[in-house]
Amino acid sequence: MYSVVQMPNHLKPQDHAAPEQDAGLFGVDRPGVAWDWMMQTGQPPEGDDWVRPQVSEAWYRCIEEYRLSPRTSLLRPHAIMDFENGGRTAPATNLDVRTALATMAFNLQPVLRDTSVSLLLADSAGTLIHALDAGSNLGPMGRRLVRLGESWNERIIGNNGLGTAAVLREPVAFDGKEHFSSVLHPFATVGHPLFAHDGGLVALLGLITDQRSSAQTLLGFVRIAGYLIETNLFECQAPGAYMLRMRLNNISAGLTGQDCLLDGLISLDEQGRIVGATRTGLNLLRAERHSDILSENVEAVLGVTIEDLRACASRGEPIELEIPEGWRLKAEFIVRRRPEKDVVQPSRSFATKGAHRAATVSTPGHSSKAANAEPWRDAILEAALQKAVNLQKQKIPMLITGESGVGKDHLVRRIHAEGVRKGRPLVLVNCAAIPRELVSSELFGYVPGSFTGARTGKTGKFVEANTGVLFLNEIGEMALDLQTALLCALDSSEIVPVGGSKPVTVDVQVIAATNSDLPDCVRKGAFRRDLYYRLNGAQFWLPPLRERPDKLGLIEHLWEQEVKAQHVNEHKALSAEVWDIFERHPWPGNVRELRNVLRSCLAMTSGPQTLVSDLPNDFLREMSDSAQAEEEGEAGLSSYAKWRPSPESKALADWEADAIRSALAKTAGNVSESARQLGITRATLYHKMARLGLRK
Ligand SMILES: Nc1ncnc2c1ncn2[C@@H]1O[C@H](COP(=O)(O)OP(=O)(O)OP(=O)(O)O)[C@@H](O)[C@H]1O
């Protein structure tokens with residue numbers, strides 16, 4: 001029980017309207033006043049005049065049960081140890097489920113694009129396992145909150161959308177100062193628990209935004225998103241040979257809310273026993289808990305036998321079911337294709353994830369994957385490629401966007417190799433790398449005598465690319481006057497060489513790429529609007545590596561490619577620790593950084609397993625700097641802090657020196673090759689060698 005502190009009357013509002021956030025109806029920021037009151041008295045105010053009961057109850061839990069302070073900022077390492085029962089790994093969600101969830105969240109992301117809302121996924125313990133479009137509007141503190149590995153557990157940072165959804169087992173939303181912890185005051189957070197077929201909590205879906213009065217609005221979105229994800233997960237993961245998809249037949253029957261509109265699912269084994277249900281399925285059957293219906297025969301619950309259901313389905317007849325209280329359900333009986341033995345158990349914890357992955361990543365010939373396992377496919381790249389190749393038939397200009405290193409150039413090369421213009425020229429122009437005054441002559445060429453020294457004239461890139469593809473990389477860097485010339489060339493399919501007067505007709509498919517925010521450049525007047533529309537016949541956005549739901553699959557795939565490329569014959573696998581670092585690392589350099597790191601790792605690995613000490617120095621230093629910066633800042637938990645090589649085990653300089661020695665030994669003292677293998681420039685390597693007193 002908690003004690004109740006009465007708020008002085010002069011502070012109380014004079015009516016019982018719903019509490020307002022941020023100076024609402026009465027010009028009073030009620031949750032703000034209540035929070036200040038709690039700070040002074042150590043107790044939340046009584047009743048629901050100031051904050052919603054859900055909020056005051058959460059604040060009581062924070063004070064009485066978790067002994068938190070409202071000034072609790074981010075989680076400290078010791079706090080996570082306490083929470084995890086003496087430092088054991090938090091109950092993580094099954095890897096297949098994590099991948100499935102991340103994929104579904106990724107598919108939802110376009111709905112939120114161009115909003116200031118970030119989508120989050122946490123495991124059942126509240127530890128962030130995936131974040132989409134996270135951080136751009138959230139400021140430094142927000143960006144720290146949405147880093148993978150941070151805990152949103154209510155016991156750690158107080159009430160919040162994700163952590164409290166896990167406690168209450170229902171969707172929740174909090175605005176600004178309704179959060180117990182001041183760290184969350186600049187934000188609105190919303191969360192939805194995601195349940196497995198047996199009712200076990202598998203993960204948490206959440207949203208965070210800097211629009212701190214929008215939580216209730218976002219609650220509707222998160223409910224629908226949660227329903228879609230849960231239903232999808234059920235269809236992919238629930239056990240059972242059959243499934244019943246049910247919907248209420250008579251809407252006026254008395255059920256309210258989303259259960260009237262949404263499908264409920266249950267799955268059945270060969271004998272007709274219920275082996276799984278979604279929460280909507282549970283509600284439609286008027287069951288409170290999964291245990292009320294799991295293992296029951298469908299006949300006992302719905303009054304029909306499995307044979308009846310099979311017979312109806314084989315006659316193609318709809319199934320009408322009557323459930324208690326006279327409600328009628330319309331149902332579809334589905335024979336599922338997946339055999340039971342393939343089914344994974346979502347609510348089982350995945351304690352040995354690193355070990356599992358280490359076992360699955362190996363050199364060809366040592367692979368522990370099933371012999372008939374399908375080869376990994378880069379679904380994101382393939383989907384973009386397929387669309388682009390089709391569009392190329394109509395010569396539609398394409399714009400490829402995404403952060404540096406996500407694979408824009410890689411995609412263009414694939415489009416060229418597999419599209420209708422394969423075998424024709426592919427001409428690459430990096431608009432940022434050519435001096436401004438030369439871009440015009442580079443693109444359009446020049447005639448002899450057009451300027452001093454131009455005795456012979458030059459063919460421009462447009463003419464070189466004739467009948468093929470012209471790839472304009474870093475298009476956002478192009479000067480405004482050149483944009484005008486480019487627009488003319490694109491509109492007329494004609495170019496005029498510098499110093500010339502006769503137009504030359506060209507047949508060129510233009511593909512442009514940029515990692516800048518072109519619409520923003522248009523708004524600021526730095527990029528021509530008409531050119532933007534001209535280039536943007538179709539747009540492909542490649543996600544950053546950290547947001548890719550198939551990140552681990554891609555890492556594994558590229559590791560295998562690297563092993564092949566370097567003709568390594570012995571068994572080589574990434575250790576569990578390295579996997580964990582890779583999973584948490586935000587990969588600011590995206591696939592480019594990943595490839596460099598994998599290349600260096602492989603070169604450094606002397607035994608069968610790649611250890612943390614085999615990671616390239618720049619990468620280790622990045623981790624180390626990040627951890628240090630966070631430790632120096634406000635009590636934050638770094639995902640990296642855990643992985644920083646401990647001073648007792650080895651000083652960073654020693655790691656660095658070992659790695660360089662090893663690279664130089666392997667390349668017989670070749671500095672360029674060593675630098676390449678280490679993923680650093682030659683100059684950096686020389687600098688480090690001098691600092692560490694190393695010789696070739
Ligand atoms: N999907 C992928 N599969 C395999 N390799 C990839 C993939 N995407 C990118 N890469 C590799 O990553 C590196 C960087 O890719 P790329 O140069 O295409 O990125 P980018 O987005 O064009 O970067 P920038 O904006 O800096 O030019 C290249 O070595 C490329 O081959």
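Now for a description of the structure that goes with this document. Given the structure is predicted, the values throughout are model-derived calculations rather than measurements. (Residues numbered from 1 in each chain as written. Predicted model: local features only at pLDDT ≥ 70, side-chain atom pairs only at ≥ 80, totals over all residues. Heavy atoms only, no water.)

## Remarks on the site of the ligand
Step number 1: Around the ligand, 15 residues are found, and the nearest of them are Asp378, Ser404, Gly405, Lys408 and His410.
Step number 2: At 2.7 Å from a nitrogen atom of the ligand is found a side-chain nitrogen or oxygen belonging to Asp378.
Step number 3: Between an oxygen atom of the ligand and a side-chain N or O atom of Lys408, the distance comes to 2.7 Å.
Step number 4: When isolated, the ligand has an accessible area of 630 Å², and the protein chains bury 83% of it. (Near = heavy atom within 4 Å. Polar contact = N/O pair within 3.5 Å; in protein donor to acceptor, adjacent residues only side chain to side chain. Areas by Shrake-Rupley, 256 points an atom, 1.4 Å probe, with all protein chains shown as cover.)

## A few points about the packing of helix H23 (residues 590-604) against helix H26 (residues 671-678)
Step number 1: One can describe the packing of H23 onto H26 by two numbers: an axis separation of 6 Å at closest approach and a directional angle of 115°. As judged from the angle between their axes, H23 and H26 are roughly perpendicular. Seen from H23, the contacting residues are Arg599, Ser600, Ala603 and Met604; seen from H26, they are Arg676, Gln677 and Leu678.
Step number 2: Looking at the contact of H23 with H26, its residues break down into three nonpolar, two polar and two charged. (Axes fitted to C-alpha atoms, helices over the stretch in contact; angles between N-to-C directions. Helix = DSSP H or I, 4+ residues; strand = E, 2+ residues; numbered from the N terminus. Parallel < 35°, antiparallel > 145°, perpendicular 65-115°, else oblique. Contact = heavy atoms within 4.5 Å. Nonpolar A, V, L, I, M, F, W, Y, C, P; charged D, E, K, R; others polar.)

## Things to note about the pairing of strand S8 (residues 274-277)
Step number 1: In this sheet, S8 lies alongside strand S7 (residues 264-268) in antiparallel orientation, the contact comprising three bridges. Across the sheet, the residue bridging to Leu268 is Ile274, located in S8.
Step number 2: Linking S7 to S8, which pair antiparallel, is a turn of five residues; within it Gly272 sits at a positive phi near 90°. (Pairing = 2+ DSSP bridges.)

## Structural notes on the side chain of Glu593
Step number 1: For Glu593, the position within the fold is in helix H23.
Step number 2: Put simply, Glu593 is tucked away with no salt bridge, and the nearest opposite charge, on Arg546, sits 8.1 Å away.
Step number 3: In this structure, Glu593 is in contact with His585, Trp587, Pro588, Phe619 and Glu622, ignoring residues within four places of it in sequence. (Buried < 20%, exposed > 50% of the residue type's maximum accessible area, 1.4 Å probe, protein only. Lys, Arg positive; Asp, Glu negative; His and termini not counted. Salt bridge = Lys/Arg side-chain N within 4 Å of Asp/Glu carboxyl O.)

## Concerning the nonpolar core
Step number 1: Counting 31 residues, the largest nonpolar core has Phe462, Leu470, Leu472, Ile475 and Phe527 as the members making the most contacts within it.
Step number 2: Counting residues per element, the ones that place at least two in this core are strand S12 (426-430), helix H16 (436-444), strand S13 (469-473), helix H18 (480-492), strand S16 (509-514), helix H19 (518-523) and helix H20 (529-535).
Step number 3: Formed by 30 residues, the second largest nonpolar core is a distinct cluster that contains Leu119, Ile129, Leu207 and Ala215. (Core = buried A, V, L, I, M, F, W, Y, C linked by side-chain atoms within 4.5 Å.)

## Thoughts on the environment of Ser613
Step number 1: Along the chain, Ser613 turns up in the loop between strand S19 (609-610) and helix H24 (617-632).
Step number 2: Sequence separation between Ser613 and Asp658 is 45 residues; the distance between their C-alpha atoms is 9.0 Å.

## Brief notes about the sheet that holds strand S4 (residues 188-195)
Step number 1: What the five strands build is an open sheet, ordered S2-S1-S5-S4-S3; its pairing is antiparallel. Among the strands making up the open sheet, the edge pair consists of strand S2 (128-132) and strand S3 (172-175). Pairwise comparison of adjacent strand axes, ignoring direction, gives a mean angle of 20° for this sheet.
Step number 2: One ladder, built from eight bridges, connects S4 with strand S5 (residues 201-209); its direction is antiparallel. In the strand pairing of S5, Gly191 is matched with Gly206.
Step number 3: The strands touched by helix H8 (residues 215-237) within the sheet are strand S1 (117-123), S3, S4 and S5, with S4 carrying the most contacts at an inclination of about 20°.

## Some thoughts on H23
Step number 1: Between its first and last C-alpha atoms H23 spans 21 Å; for 15 residues at 1.5 Å apiece the expected length is 21 Å, and the two agree.
Step number 2: Burial runs high along H23: twelve of the 15 residues are buried.
Step number 3: Within H23 the residues assigned to the buried category are Asn590, Val591, Glu593, Leu594, Val597, Leu598, Arg599, Ser600, Cys601, Leu602, Ala603 and Met604. (Expected span 1.5 Å × (residues − 1).)

## Here we look at the sheet that holds S16
Step number 1: Strand order in this open sheet of five strands is S12-S13-S16-S11-S17, and the pairing throughout is parallel. Each edge of the open sheet is held by one strand with a lone partner, namely S12 and strand S17 (538-541). Each adjacent strand pair in this sheet contributes to an overall mean axis angle of 20°, direction not counted.
Step number 2: As paired strands, strand S11 (residues 398-401) and S17 are joined by four bridges and run parallel to one another. Residue Thr401 lies in a different strand from S17, and its bridge partner there is Trp541.

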